[in-house]
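So you can see what is in the structure, the chains are spelled out below.
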Amino acid sequence: MLPVARTLPELHAALLGARSVGLVPTMGYLHAGHATLIEQARRENSLVVVSVFVNPLQFGAGEDLSRYPRDLERDRALALSAGADLIFHPDTDHMYPAGFSSSVSVGAVAQALEGASRPGHFGGVATVVLKLLNMVGADGRSADRAYFGEKDWQQLMVVRQMVRDLNHATQIVGVPTVRVHDGAAAGLALSSRNSYLSAEQLVRAAVLSRALRAVQAAYAAGETDVAALLQAGHRILESESELTLDYLSLVDEHLQPVQTLTAAAEVALSISEQPRALATPHNADMFRLLIAARIFGVRLIDNMPLLGESAAGTLASTSAGNSAGSAPSETAGQTGTVKL
Ligand SMILES: Nc1ncnc2c1ncn2[C@@H]1O[C@H](COP(=O)(O)OP(=O)(O)OP(=O)(O)O)[C@@H](O)[C@H]1O
Ligand SMILES: CC(C)(CO)[C@@H](O)C(=O)[O-]
Ligand code: BAL
């Protein structure tokens, strides 16, 4: 069975003498998306640590902190089979002892979208990630590499910004999103919160990825007006009565929204900036589509590049939530470009 360190001394004893340490930060309830992060860390480091910590700092009032799914024994089995050497599973009191009073604040990249919908969220993420990078290292170093999923695209950008700004030594590695690739839920991004949904609801939750694909298809068919592109996604979302859109946004490489569509129920486009058209095909690879929505009351997020991806690299699975198994990476499929 995979060893579990619960305190910093236990962790440092286990890491003693390791040539390189790869950290995979998680909140547990592991699935095949997490497995790809662990597998990549395994290939690139002599020792792989998976942290399992449901971080209270990144949950807002009324969010699902208390009901967030937890199953450490299951996580140990999955992490072991994916190639981890150790789980770091600290108590909340160990991470935030009495008197803890610091926080990390990241600028512009953390403000829009998830930052706006979940005030305080990225402060909590940045604070715990910085602590984990510092804690999970061998012989007084910080972690050599840390692995984050592209499924949480804005989080990946926030962590990169923090590490760059603060001259942190850990290398941040982004790993492509793992999706269900066959069956009725095909396209759905794996997520721990998928476990809140029934099999039938998971099939319907695949509407998020279908909406993103519809925008990609509209762009590929020659549409360059951003509002019209987002409307192509909106038409797909409208077909799902149990969905409430938080945002569907086209963002640039700095995560700044070019245009955002909100509240599907109101149908109207809410435009955060002046409408802009994607003129000549140039630099399209800079743009990304991000979506957040509640479906059957569960808030899910997803994202894709504006330029479509190949269907390769998704997960063959009948369980959309938390199946293990092989999960090749998603790859960028097209090489066309676009310019604002
Ligand atoms: N489908 C996925 N593909 C690739 N990476 C993923 C996937 N799902 C989660 N990850 C990554 O795993 C890491 C840990 O995420 P976390 O434990 O929050 O899981 P999650 O499935 O994203 O959970 P939640 O449902 O709460 O968002 C993050 O870096 C996240 O981006
Ligand atoms: C990075 C992280 C483990 C920090 O708590 C969390 O936000 C997550 O699981 O994506
Ligand atoms: N994977 C994102 C963590 C969160 O939603 O809090």
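Residues numbered from 1 in each chain as written. Chains lettered and ligands numbered in written order. Predicted model: local features only at pLDDT ≥ 70, side-chain atom pairs only at ≥ 80, totals over all residues.

A word on helix H2 (residues 32-44). Here H2 is 13 residues long and its end C-alpha atoms lie 19 Å apart, about the 18 Å a rise of 1.5 Å per residue gives. Summarising burial for H2: 10 of the 13 residues are buried, a large majority. Along H2, the positions that sit buried rather than exposed are Ala32, Gly33, His34, Ala35, Thr36, Leu37, Ile38, Glu39, Gln40 and Ala41. Tucked inside the fold, the buried residues of H2 contact strand E2 (21-26), strand E3 (47-52), helix H3 (72-82), strand E5 (145-149) and strand E6 (171-175). (Helix = DSSP H or I, 4+ residues; strand = E, 2+ residues; numbered from the N terminus. Expected span 1.5 Å × (residues − 1). Buried ≥ 20, exposed ≤ 12 C-beta atoms within 10 Å, placed from the backbone. Contact = placed C-beta atoms within 7 Å.)

What follows deals with the site of ligand 2. The environment of ligand 2 is made up of Pro25, Thr26, Met27, Asn55, Gln58, Val125, Val128, Val129, Asp152 and Gln155. Breaking the shell around ligand 2 down by element, the ones donating at least two residues are E2 and helix H6 (121-135). Top contributing element to the shell around ligand 2 by residue count: H6, with three residues. Residue composition of the shell around ligand 2, grouped by class: five nonpolar, four polar and one charged. (Near = placed C-beta within 6 Å. Nonpolar A, V, L, I, M, F, W, Y, C, P; charged D, E, K, R; others polar.)

With that settled, consider the sheet that holds strand E7 (residues 243-251). What the four strands build is an open sheet, ordered E8-E7-E9-E10; its pairing is antiparallel. Edge positions in the sheet fall to strand E8 (257-261) and strand E10 (298-305), since each has one partner strand and no second. Strand-to-strand, the axes of this sheet are offset by a mean angle of 15°, without reference to chain direction. (Pairing = 2+ DSSP bridges. Axes fitted to C-alpha atoms, helices over the stretch in contact; angles between N-to-C directions.)

With that out of the way, let us pick up the domain arrangement of the protein. Taken domain by domain, the protein comprises domain 1 (4-175) and domain 2 (178-340). Taken together, the contact pairs 19 residues of domain 1 with 26 residues of domain 2. Mapped by element, the contributors of at least two residues to the side of domain 1 that touches domain 2 are H2, H3, helix H5 (114-117) and helix H7 (153-165). Counting residues per element, the side of domain 1 that touches domain 2 draws most heavily on H2, which supplies four residues. (Domains from an automatic or database assignment.)

Here helix H9 (residues 207-220) crosses helix H10 (residues 226-238) at 145°, and the two axes come no closer than 8 Å. Along this stretch, H9 crosses H10, giving a crossing that reads as right-handed. Packed against H9, whose contacting residues are Val207, Arg210, Ala211, Leu212, Ala214, Val215, Ala218 and Tyr219, the element H10 presents Leu229, Leu230, Ala232, Gly233, Ile236 and Leu237 at the interface. Classifying every residue of the contact of H9 with H10 gives 12 nonpolar, one polar and one charged. (Left-handed = near helix turned anticlockwise from the far one by under 90°.)

Taken together, the six strands give an open sheet; going across it, the order is E1-E4-E3-E2-E5-E6, and neighbouring strands pair in parallel fashion. Bordering the open sheet on either side are strand E1 (4-5) and E6, each of which pairs with just one other strand. Here five bridges tie E5 to E6, and the two strands are oriented parallel to one another. Residue pairing in the sheet places Tyr147 in a bridge with Val173 of E6.

Before going further, it helps to spend a moment on the environment of Tyr219. Inspection of the secondary structure assignment puts Tyr219 in helix H9. In this structure the C-alpha to C-alpha distance between Tyr219 and Glu10, which are 209 residues apart in sequence, comes to 52 Å. Once residues lying within four places of it in the same chain are set aside, the contact partners of Tyr219 are Leu229 and Leu306.

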